[in-house]
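Observations on the three-dimensional arrangement
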Amino acid sequence: MTQVSPSTASRLQALHLQDFGLVVAGRVLLSGIDLHLPARGLTAVFGASGAGKSTFLRALAMLSPHTGALITRPGNDLLSHPERYRARVQYLHQEPALFPGTVRENLALPGTLKINRGQTAGPETWARHLEAFGLPGEILAQQTEELSGGEKQRLALVRALTLEPDFLLLDEPTSAMDVATESATLATLRHLSDRCGIIMVTHSVEAINSSDRVLLLADGGLTETAPPLDRETVRRLVGPGGSGHGSGNGSGNGSGNGASNWHGKDSTNEKGA
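All values derive from a computational prediction rather than experimental measurement. (Residues numbered from 1 in each chain as written. Predicted model: local features only at pLDDT ≥ 70, side-chain atom pairs only at ≥ 80, totals over all residues. Heavy atoms only, no water.)

We now examine helix α1 (residues 53-60). Residues of α1 that are buried: K53, F56, L57, A59 and L60. Angularly, the buried residues of α1 cover 160 degrees about the axis, an arc narrow enough to put them on a single face. A positive backbone phi angle near 60 degrees is found at M62, which sits one or two residues after α1. (Buried < 20%, exposed > 50% of the residue type's maximum accessible area, 1.4 Å probe, protein only. Helix = DSSP H or I, 4+ residues; strand = E, 2+ residues; numbered from the N terminus. Arc of directions from axis to C-beta.)

Written out as structure tokens, the structure is:
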């Protein structure tokens, strides 16, 4: 695995992949990818289940190995310091990694880490981001285990933003949200993408169509596809082996028929927002 990291700069302007590949247990998921990812704009990555979408995000976050080169622009030494790199390139799993305690304690946590000292935003910024994601100020006193799935996903986004990252790598960031909350969250992410590159893996047609750029991961490659895409087009592009995340939003579970489960959401069958 080659990693290129020339001289120092304060903020990343782009990530560049050069002859980039992913191989897991002998299976080639990606090969020979050359891709420029600017630190602005909203990019959706979609594909069949098992195609390697989450592994791709983890590789961008330096959490999974890759072949070829991951290059930072402008060049700096972040790739030699994974912890510092991950503060600039924040990865959020579909299941938020929240800790027992209050929302306030979880938002303060990044600032307690030695590597982040002096770099995290404070309560005024928390309040602004909470409001932007439709979370009331009173939520700060709540215990994290009392939150719904959608609230946890939005809290994880707010916490990531306390480090003012250059990139957000989001794995199914709206999967636990109802229709209205997903729509509002996507609008907020679009606004944030003016100053932060957001790359999200998604099974949501609305999320795909809210993006500036859409990448289909299939057959070992990444193909750029222009939005908007309707549900049938997404199903056709993914192919019969695809199966969505089945998150209880009116799309069925795709079992027994080999059909793709790519979908918009049905407001009559929502998860807690």
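Here we come to helix α4 (residues 123-132). Those residues of α4 lying buried are T125, W126, H129 and L130. The buried side chains of α4 occupy one side of the element, clustering within an arc of 135 degrees when seen end-on. Residues of α4 that are exposed and point more than 90 degrees away from the buried face comprise E124 and E131. Where α4 terminates, the next one or two residues include G134, which has phi positive at roughly 75 degrees.

A few words on the confidence of the model for the protein chain. Across the protein chain, the average pLDDT comes to 84, with 80% of residues at 70 or higher. Counting interchain partners and residues more than four positions distant, the pLDDT-below-50 stretch residues 241-263 has 55 contacts. Residue range residues 267-271 is modelled with pLDDT below 50. Its contacts to residues more than four positions away, or to other chains, number eleven contacts. (pLDDT = per-residue confidence, 0-100. Contact = heavy atoms within 4.5 Å.)

F56 and L222 are the most contacted members of the largest nonpolar core, which totals 32 residues. For this core, the element with the most residues is strand β3 (residues 27-38), which contributes five residues. Among all residues touching F56, those that are not within four sequence positions of it are L17, F20, L22, L30, L35, V45, L217 and L222. Listed in part, the 27 residues of the second largest apolar core include V103, L130, L135 and L155. (Core = buried A, V, L, I, M, F, W, Y, C linked by side-chain atoms within 4.5 Å.)

Here we take up the layout of surface pockets. Each pocket or cavity is described by its volume, and for the largest pocket that value is around 660 Å³. In this structure, the largest pocket is lined by 23 residues; those nearest its centre are R86, Q90, Y91, L113 and R159. Contributing elements (two or more residues each) for the lining of the largest pocket: α2 (82-88), β6 (89-92), α3 (103-112) and α5 (149-161). Per element, the largest residue contribution to the lining of the largest pocket is four residues, and it comes from β6. Counted by class, the lining of the largest pocket contains 16 nonpolar, three polar and four charged residues. In this structure, the second largest pocket spans a volume of roughly 160 Å³. R11, T125, R128, H129, L161, E164, P165, L192, R195 and C196 are the residues that line the second largest pocket. When residues of the lining of the second largest pocket are assigned to their parent elements, the largest contribution, three residues, is made by α4. Residue classes in the lining of the second largest pocket are distributed as four nonpolar, two polar and four charged. (1 Å grid on protein atoms, 1.4 Å probe; cavity = no way out; pocket = protein on both sides within 12 Å on 5 of 7 lines; lining within 4 Å. Points joined across faces, edges and corners; volume = space filled by probe spheres on them. Nonpolar A, V, L, I, M, F, W, Y, C, P; charged D, E, K, R; others polar.)

Cis geometry marks the peptide bond from R73 to P74; its omega dihedral reads -10 degrees. Take P74: it is sitting in the loop between β5 (67-73) and α2. Note the cis peptide between P227 and P228, where omega equals 5 degrees. In this fold, P228 is placed in the loop between β10 (221-225) and α8 (231-238). A positive phi angle, near 50 degrees, is found at D19, a position not held by glycine. Its place among the elements puts D19 in strand β2 (residues 14-24). Backbone geometry at E164 places phi at a positive 45 degrees, although glycine is not the residue there. Judged by relative accessible area, which is 45%, E164 ranks as partly exposed.

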